[in-house]
Structures are given as structure tokens and as C-alpha cells.
Amino acid sequence: MRVTSELWAAALVRRVFSDGGFGAVVRRGGGEAGAVFVIVRDRLGVPRLFGPAPQSDYDSAKPQERRMAALPAETEEAIEARLARERRFDPDIWIVEIEPGSTPAEELLGITAP
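Scoring rules and cut-offs
Residues numbered from 1 in each chain as written. Predicted model: local features only at pLDDT ≥ 70, side-chain atom pairs only at ≥ 80, totals over all residues. Heavy atoms only, no water. Helix = DSSP H or I, 4+ residues; strand = E, 2+ residues; numbered from the N terminus. Buried < 20%, exposed > 50% of the residue type's maximum accessible area, 1.4 Å probe, protein only. Contact = heavy atoms within 4.5 Å. Core = buried A, V, L, I, M, F, W, Y, C linked by side-chain atoms within 4.5 Å. Phe/Tyr/Trp six-rings, centres within 6.5 Å; stacked < 30°, edge-to-face > 60°. Salt bridge = Lys/Arg side-chain N within 4 Å of Asp/Glu carboxyl O.

Visitor: I keep staring at the overall build of the chain and nothing clicks. Help me out?
Guide: Check the secondary structure of the chain and you find 3 helices and 6 strands. For the chain, the succession of helices and strands along the chain, N to C, is α-β-β-β-β-α-β-α-β. Taken over 114 residues, the chain has a buried fraction of 39%. Taking contacts inside the chain between residues at least 6 apart in sequence as the whole, the part at least 24 apart equals 70%.

Visitor: What should I look at first to understand the environment of Met 68 in this one?
Guide: Examined against the element boundaries, Met 68 turns out to sit in strand 4 (residues 68-71). The class for Met 68 is buried, based on a relative accessible area of 2%. As a C-alpha pair, Met 68 and Ile 111 span 43 residues in sequence and 4.7 Å in three-dimensional space.

Visitor: Please explain the nonpolar core as it appears in this structure.
Guide: A general feature of soluble globular proteins is that nonpolar side chains tend to end up buried together. In this structure, Leu 12, Val 38, Val 96, Ile 98 and Leu 109 are the most contacted members of the largest nonpolar core, which totals 17 residues. Going through the elements one at a time, helix 1 (5-18), strand 2 (36-41), strand 5 (94-99) and helix 3 (105-109) are the ones with two or more residues in this core. If you tally residues by element for this core, the top one is helix 1, at 5 residues. Those residues in contact with Leu 109, other than ones at most four positions away along the chain, are Trp 8, Leu 12, Val 38, Val 40, Phe 50, Arg 66, Arg 67 and Met 68. Within the second largest apolar cluster, 9 residues are counted, among which are Leu 49, Leu 71, Ala 73 and Ile 93.

Visitor: How do you make sense of the packing of aromatic side chains when you look at a structure like this?
Guide: One pass over the full model with this rule turns up 1 aromatic pair. Here Phe 17 and Phe 22 contribute two aromatic rings whose centre-to-centre distance is 5.5 Å and whose plane-to-plane angle is 80 degrees, an arrangement assigned as edge-to-face. Overall, the relative accessible area of 49% leaves Phe 22 in the partly exposed class.

Visitor: Teacher, can you tell me more about the pattern of salt bridges here?
Guide: When their charged atoms lie close together, side chains carrying opposite charge are able to pair. Applying the stated criterion across every chain, the model contains 7 salt bridges. With its nearest N and O atoms 3.4 Å apart, the salt bridge here joins Glu 107 to Arg 15. Residue Glu 107 is located in helix 3, and its partner Arg 15 is located in helix 1; the two are separated by 92 residues in the primary sequence. Across the pair Arg 82 and Glu 86 runs a salt bridge whose closest N-O atoms are separated by 3.2 Å. Placement of the pair is Arg 82 and Glu 86 together in helix 2 (residues 76-89), with a separation of 4 residues, close to one helical turn. For the residue pair Arg 82 and Glu 86, the accessibility class agrees, reading buried in each case. One salt-bridge network, held together by shared partners, links Arg 41, Glu 76 and Glu 97.

This is the structure we're talking about:
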């Protein structure tokens, strides 16, 4: 059984806080299965955008596990434009913004390599 988007987003924010970082849900989407997008800021405030990984990146032994992939958007404006397009396509998306503490974003998000 797959964890709901609402629970996954809440757990991510809680884990970031417990590691000395900061996190917030910027936009709440569909509680059960809305796609989750994560903006990760480093200590200098430089943002990176992550979204749901393609289905081919999932491990067939763990189909319920959420995987994230880096999305091409290098500036704040590019990230906002990308998220606006995603919202028009799917109004149920979640947007979470984090500044990781001691645990790297790659470990927190289960990021797949491009």
C-alpha cells in the first residue's frame, strides 16, 4: 500500500525539522494521490526542483516507495513557471519547500540519478 501524499509531505517536513533544517508545505493538493514537488534550497538560498520520478525508475520489488527526480529549472523564475504549468495540468499537486539540515536532500527524497 502506498503512503498518501498528505502523509508523505508531513513526514518529510517533520524529518527535515528533526535534522536541524527547515521545511514547509507551500501548497496542499489532493490528500490521497496528488503529485508532490519539492523545492530544495541550500544554505545560500539557491533552489533546486524535484518532482515525481518516471515510472521506469521504480524498483519492482518496492512499487509503493516514492522516488523523486531532479527537474530542469535553475532559477527562481524557471521553478515558478514550471510549477505553474504543473498546476494547470494537475490542480491536485503538492509543493513542499525544504532547507535540509544534517541529512542530504538526496537521502531525504530518494532521488534517482538522471
